Amino acid sequence: MGLGALLYLFFAFTPQLDSASEFFGPVFETILPMFMFLVLFVTFCKVDFHKLRPVAWHLWVSLFQLFFIGLIMATILIPHHSFHILLEALLMCIICPCATAAAVVTQKLGGSLEQMTTFTFISNFITALLVPICFPLIEKGTDITFWAAFIKILHEVFIVLIIPMLLAYIVKHCMHRLHKKIISVKDLSYYLWGCSLMIVTGTTVKNIVHSNATIALLMAIAILGLATCIVQFAVGRFIGHYFNHTQEAGQALGQKNTAFAIWLSTTYLNPLSSVGPGCYILWQNIVNSVEIWQHRRTNKE
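About the thresholds
Residues numbered from 1 in each chain as written. Predicted model: local features only at pLDDT ≥ 70, side-chain atom pairs only at ≥ 80, totals over all residues. Heavy atoms only, no water. Helix = DSSP H or I, 4+ residues; strand = E, 2+ residues; numbered from the N terminus. Rg over C-alpha atoms; globule rule 2.2 N^0.38 Å. Contact = heavy atoms within 4.5 Å. Areas by Shrake-Rupley, 256 points an atom, 1.4 Å probe, with all protein chains shown as cover. Buried < 20%, exposed > 50% of the residue type's maximum accessible area, 1.4 Å probe, protein only. Salt bridge = Lys/Arg side-chain N within 4 Å of Asp/Glu carboxyl O. Core = buried A, V, L, I, M, F, W, Y, C linked by side-chain atoms within 4.5 Å. Axes fitted to C-alpha atoms, helices over the stretch in contact; angles between N-to-C directions. Parallel < 35°, antiparallel > 145°, perpendicular 65-115°, else oblique. Left-handed = near helix turned anticlockwise from the far one by under 90°. Phe/Tyr/Trp six-rings, centres within 6.5 Å; stacked < 30°, edge-to-face > 60°. Disulfide = S-S within 2.5 Å. Polar contact = N/O pair within 3.5 Å; in protein donor to acceptor, adjacent residues only side chain to side chain. Patch = residues over 30% accessible without salt bridge, like charges linked within 9 Å, V, L, I, M, F, W, Y side chains within 5 Å.

A.B. asks: Sorry if this is basic, but what is going on with the overall build of the protein chain here?
C.D. replies: Within the protein chain, the regular secondary structure consists of 13 helices and zero strands. For the protein chain, the α and β elements follow one another from N to C terminus as α-α-α-α-α-α-α-α-α-α-α-α-α. Against the compact-globule benchmark of 19 Å for 301 residues, the protein chain has a radius of gyration of 19 Å, which places it among compact chains. Referenced to the eigenvectors of the C-alpha coordinate spread, the extents of the protein chain come out at roughly 60 × 55 × 45 Å. Within the protein chain, contacts between residues separated by at least 24 positions form 80% of all contacts whose residues are at least 6 apart in sequence. With the model as given, the accessible surface of the protein chain reaches about 15100 Å², and the carbon-plus-sulfur share is 71%.

A.B. asks: Honestly, unusual backbone geometry in this entry has me stumped. Any pointers?
C.D. replies: A negative phi angle characterises most non-glycine residues, just as the trans form characterises most peptide bonds. Positive phi values are uncommon outside glycine, yet N244 reaches one of about 60°. Mapped onto the fold, N244 is located in the loop between α10 (215–241) and α11 (246–254).

A.B. asks: For this particular structure, what's the right way to read α11?
C.D. replies: Think of an α-helix as turning once every 3.6 residues; residues three or four places apart then point the same way. α11 sits mainly inside the fold: seven of its nine residues count as buried. Within α11 the residues assigned to the buried category are E248, A249, G250, Q251, A252, L253 and G254. The inward-facing, buried residues of α11 abut α3 (56–76), α5 (102–108), α6 (113–138), α10 and α13 (275–300).

A.B. asks: Would you take a moment to explain the pattern of salt bridges for this structure?
C.D. replies: Working definition: two side chains of opposite charge can pair if their charged atoms are close together. On inspection of all chains with the given rule, the structure shows one salt bridge. Linking E291 and R237 is a salt bridge whose minimum nitrogen-to-oxygen distance equals 3.5 Å. One end of the pair, E291, is in helix α13; the other, R237, is in helix α10, and 54 residues separate them in sequence.

A.B. asks: Can you help me understand the nonpolar core in this one?
C.D. replies: A general trend in soluble globular proteins is that nonpolar side chains are found buried together. Counting 69 residues, the largest nonpolar core has V61, I69, L91, I95, F135 and W193 as its most contacted members. Per element, the largest residue contribution to this core is ten residues, and it comes from α6. Beyond its immediate stretch of four places on either side in the chain, W193 contacts V39, A101, V104, V105, N285, N288 and I292. In this structure, A89, A213, V275 and C279 belong to the second largest nonpolar core, which totals nine residues.

A.B. asks: Looking at this structure, I do not really get the packing of α3 against α11. What am I missing?
C.D. replies: When two helices pack together, their arrangement is given by the angle between the helix axes and by the axis-to-axis distance. Where α3 contacts α11, the two axes come as close as 10 Å, and the packing angle between them is 30°. Between α3 and α11, the angle falls in the class roughly parallel. As α3 runs across α11, the sense of the crossing is right-handed. Across the interface between the two elements, W57, V61, Q65 and F68 from α3 touch E248, A249, A252 and L253 from α11.

A.B. asks: What exactly am I supposed to notice about the packing of aromatic side chains here?
C.D. replies: To describe a pair of aromatic rings, one takes the distance between the centres and the angle between the planes. Inspection of the entire model under this criterion finds five aromatic pairs. Three or more aromatic residues link up through ring pairs in this structure, and these residues are F64, F67 and F68.

A.B. asks: Where do I start with the state of the cysteines in this structure?
C.D. replies: Structurally, a disulfide amounts to a covalent bond that connects the sulfur atoms of two cysteines. Following the criterion strictly, the structure yields zero disulfides and no others. The structure places no disulfide on C174, whose sulfur is separated from the nearest cysteine sulfur, that of C45, by 12 Å. Looking at C174, the relative accessible area reads 58%, which means it is exposed. C229 carries a free sulfur, and the closest cysteine sulfur to it, the one in C93, is 8.6 Å from it.

A.B. asks: In this structure, what is going on with the side chain of S265? I would like to understand it.
C.D. replies: Among the secondary structure elements, S265 is positioned in helix α12 (residues 258–268). A polar atom in the side chain of S265 sits 3.0 Å from the backbone oxygen of I262. Sequence-distant contacts of S265, that is, excluding residues within four places in its chain, are made with M92, N270, P271, S273 and S274.

A.B. asks: For this particular structure, what's the right way to read a nonpolar patch on the surface?
C.D. replies: A cluster of nonpolar side chains, contributed by L167, Y169, I170, M175 and L178, occupies part of the molecular surface with about 420 Å² of accessible area. With three residues, the top contributor of residues to the nonpolar patch is helix α7 (residues 146–174). Along the chain, the position of L167 falls in helix α7. By relative accessible area, L167 is classed as partly exposed at 36%.

Rendered as structure tokens:
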């Protein structure tokens, strides 16, 4: 994360590297989806497809997400308040689905890969239902219909989740030699995720630097994003504690597909609200880093 931020700042504020920045910008935008595709493909190669089924904590995490969304929506719809942008940014950090990379982190923490994969699909379906309902209420001029948004989101889910899962299923059951080579590389999906995280962090810093918002508003959104991140991870872990799946439920509610949230906010809401999930990327991955560090330290002891 630090490397991604430093590399962007180095290229952005070194005039002699302007031509290199113009060259590498589109390159990174192109290879980022490829990294995420490979992360999921490698991860799904390790999935036991017979264990992909809903479990009890999926229901409770989903209900709490709906509760949080309802609470923020009720606050946004109160007339004559001056916190509209802040609340939109907060909503985007909650309404967006569980991150596709959450399964990678959960596996690294010793959690159930299959349960996280199942919840990722459930979470995306919830988002596909709620976005077409909530967004027209927030931005009255939003040109969005329920079925158009629903199908658009499902299309994104198909590309990001279904295709790598289908390819992984084919490789696992029909190409055994290739499958053994893929799963034999220890932590391959984890290091691919690390590379994608470097690119995502650089892009996030770029969006924040080029934002038209005031420093005070950026700070307020960043602090609100941090509080939201801590609350969602904490509530998820609290729920999971009752089902002996603390890690899985914490990642499910706390780790968000913020890249998707940024696209949603810039497309349908006030573009400044995209700063919320932009900051959330940094917070959630700091939490992930601390969790992985603690898990490694505990195992060594």
